[in-house]
Each structure stands twice: as structure tokens, then as C-alpha cells.
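Reading the structure
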Amino acid sequence: MTFGGNLLIGASGSGAVAFLPMFLSALRTEFSGSVTVLMTHSATTFLPASTMGLFADRVVTGGDPTTWARSNHVTLAEEHDLFVVLPATANTLAAAAIGGAPNLLTTTVLEFPTPVVFFPVMSAQMWAKPSVQRNAALLREDGHEIVNPAVGPRYDVALGRFVTGPTPPTPPQFVSKVAERLR
Ligand SMILES: Cc1cc2nc3c(=O)[nH]c(=O)nc-3n(C[C@H](O)[C@H](O)[C@H](O)COP(=O)(O)O)c2cc1C
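Residues numbered from 1 in each chain as written. Predicted model: local features only at pLDDT ≥ 70, side-chain atom pairs only at ≥ 80, totals over all residues. Heavy atoms only, no water.

Our next topic: the overall build of the chain. The number of helices and strands found in the chain is 9 helices and 8 strands. For the chain, the C-alpha radius of gyration of 15 Å lies close to 16 Å, the compact-globule estimate for 183 residues. Looking at the 183 residues of the chain, the share that counts as buried comes to 50%. Contacts in the chain between residues at least 24 apart in sequence constitute 70% of all its contacts with a sequence separation of at least 6. Accessible area for the chain stands at about 8600 Å²; split by element, carbon and sulfur atoms hold 59% of it. Charged side chains in the chain number 11 positive and 12 negative. The centres of these two groups are separated by 9 Å. (Helix = DSSP H or I, 4+ residues; strand = E, 2+ residues; numbered from the N terminus. Rg over C-alpha atoms; globule rule 2.2 N^0.38 Å. Buried < 20%, exposed > 50% of the residue type's maximum accessible area, 1.4 Å probe, protein only. Contact = heavy atoms within 4.5 Å. Areas by Shrake-Rupley, 256 points an atom, 1.4 Å probe, with all protein chains shown as cover. Lys, Arg positive; Asp, Glu negative; His and termini not counted. Charge placed at Lys NZ, Arg CZ, Asp CG, Glu CD.)

Right, dumping it as C-alpha cells:
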């Protein structure tokens, strides 16, 4: 059964952002609504916004002031039913945990009227750090959902080889989380 809605996906600067188009394609098998991808500047250095635009209905980066009148944290919060962040970097989790708003993605987390779903993606060492776990706990205390990464093999772009560590969700796991929230 298909489901709809207006979905906002925040994409921050993990190498795994290069796989986001796969998740967007998987979503289309069940999702009949609209998808906006909100990319941080760092995310656009891993994957050009133009490539993301081939898979999303709309891509927002916040980098061009001529777009600010229509694409800002307030309009994005108003126009969407659900905000998920995939991949969520340690940096983005940290900013969101302290109510920081250094970019459009984190400002929109503050503006969004309902809890945000974060999918952290980072190395085992980063994910295990007390500071990162503290930030995840703070976000949970504030009512947000942090989806704990599963542990398994994944290709690490920083090392250039497969490692065992926290893995991003599979596309079906991502689709079922979105469906759980939007159905
Ligand atoms: C090759 C490479 C891969 C990276 N992968 C990750 C990652 O998976 N998770 C993470 O938290 N940070 C990762 N980083 C670090 C982030 O890109 C960096 O913290 C950046 O400032 C994040 O910005 P943003 O949160 O505004 O997108 C990586 C950096 C490089 C150079």
C-alpha cells in the first residue's frame, strides 16, 4: 500500500551521502508524496546538489541568498509533514543537541514543529565517544528519535576499504521508518 505526505530529508556531510539517491529510489516504490532534500554545505562537497536533484522533487542548500525568500527554515517547516536527517554527522548531532543553528539544516531542526528522526552515520570510534553519545541522549530527551546504527560491514570512504562498524540503515529500513511516521 502506498503512502504520501511531504517529506523533508536533511543530508549532512558523511561520505555516505553519496548513497542517498539509492534511498530516494527505494522510497518511490511505496511513497507517492513529495521529497525535498536539504543539504549542508559539507554534504554538497560529497555529492553535487544537481545529482541529488535528479532523485528529489526539490533540493535546498541555503547557499544562494536569492532563494531565501521562498526557501528558509520557516517555509521548510511549514511545508513538510516529517523531517528526517540521513546521514546525520557527529557535527550536525552536536549542533542540534545544543540548540545551535549554524546552517539551514540545524535552524530547520529548531523551527520544525514535530520531533525529527536522525540516522547517525559515522565511524565506530566517533559513535562510541562519550560526547557523541551524550548528544544523542540529549536529542532523545528533547523528544527527537535517534535511530541507532546497526553494526556490520561497510565500505569506509575515509579508509578506502571495508570495515566492521556502525552502518547506515538499509533502504528498506529507511522506507519503513518513514512509513511508520507518515502513515
Ligand atoms: C572523507 C570524509 C568522510 C567523512 N565521513 C563522516 C561521517 O561518516 N560521519 C561524520 O560524522 N563525519 C564525517 N566526516 C566529517 C564531516 O564531513 C565534517 O564533520 C563536516 O564538518 C560535517 O558538516 P555538516 O554536519 O555541516 O554536514 C567526514 C569527512 C571526510 C573528509
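Past the structure itself, the notes keep going.
A few words on the UniProt feature "domain: Flavoprotein" (unreviewed entry) in the chain. Those places that UniProt annotates as "domain: Flavoprotein" (unreviewed entry) correspond, in this numbering, to residues 6–147. Between the C-alpha atoms that bound residues 6–147 the distance is 21 Å, and the span itself is 42% helix and 20% strand. (UniProt positions renumbered as here; feature names shortened; annotations may be inferred.)

What follows is about helix α5 (residues 90–97). Burial analysis of α5 places 6 of its 8 residues in the buried class, which makes it a mostly covered element. Where α5 is buried, its residues touch β4 (82–88), α6 (104–111), β5 (117–120), α7 (124–128) and α8 (130–141). Where α5 ends, the next residue or the one after it, G99, has phi of about 70°, a positive value.

So, about the site of the ligand. Taken together, 15 residues form the shell around the ligand, and within it G13, T40, T89, T92 and V121 come nearest. One nitrogen or oxygen atom from the side chain of S14 is found 2.8 Å from an oxygen atom belonging to the ligand. Take T92: an N or O atom from its side chain is 2.7 Å from an oxygen atom of the ligand. For the ligand, whose accessible area on its own is 640 Å², the fraction buried by protein is 67%. Looking at the shell around the ligand, the elements that each hand over two or more residues are α2 (41–46) and α5. Of the residues that constitute the shell around the ligand, the class distribution is 5 nonpolar, 10 polar and no charged. (Near = heavy atom within 4 Å. Polar contact = N/O pair within 3.5 Å; in protein donor to acceptor, adjacent residues only side chain to side chain. Nonpolar A, V, L, I, M, F, W, Y, C, P; charged D, E, K, R; others polar.)

Read across the open sheet, the 6 strands follow the order β3-β2-β1-β4-β5-β6; overall the sheet is parallel. Since the sheet does not close on itself, it has two edges, and those belong to β3 (58–60) and β6 (145–146), each with one partner. Across 3 bridges, strand β2 (residues 34–39) lies against β3 in parallel orientation. Residue pairing in the sheet places T36 in a bridge with R58 of β3. Sheet contacts for helix α1 (residues 20–28): β1 (6–11), β2 and β4; angle to β2, the most-contacted strand, approximately 165°. (Pairing = 2+ DSSP bridges. Axes fitted to C-alpha atoms, helices over the stretch in contact; angles between N-to-C directions.)

Attention shifts here to the layout of surface pockets. As a volume, the largest pocket reaches approximately 530 Å³. Residue lining of the largest pocket: 26 residues in total, with S14, A16, V121, R154 and P168 positioned closest to the centre. Only α1, β4 and β7 (150–156) provide two or more residues apiece to the lining of the largest pocket. (1 Å grid on protein atoms, 1.4 Å probe; cavity = no way out; pocket = protein on both sides within 12 Å on 5 of 7 lines; lining within 4 Å. Points joined across faces, edges and corners; volume = space filled by probe spheres on them.)

It is the contact of α5 with α8, at a shortest axis distance of 9 Å, that shows an interaxial angle of 50°. In terms of their interaxial angle, α5 and α8 are classed as oblique. For the pair α5 and α8, the sense of crossing is left-handed. Here A90, L93, A94, A96 and A97 of α5 lie close against α8, whose contacting residues are V132, N135, L138 and L139. Here the contact of α5 with α8 is composed, by residue class, of 8 nonpolar, 1 polar and no charged. (Parallel < 35°, antiparallel > 145°, perpendicular 65-115°, else oblique. Left-handed = near helix turned anticlockwise from the far one by under 90°.)

Take the UniProt feature "transmembrane region" (unreviewed entry) in the chain next. The residues that UniProt annotates with the feature "transmembrane region" (unreviewed entry) are residues 6–24. In residues 6–24, the share of helix is 26% and the share of strand is 32%. The end C-alpha atoms are 13 Å apart.

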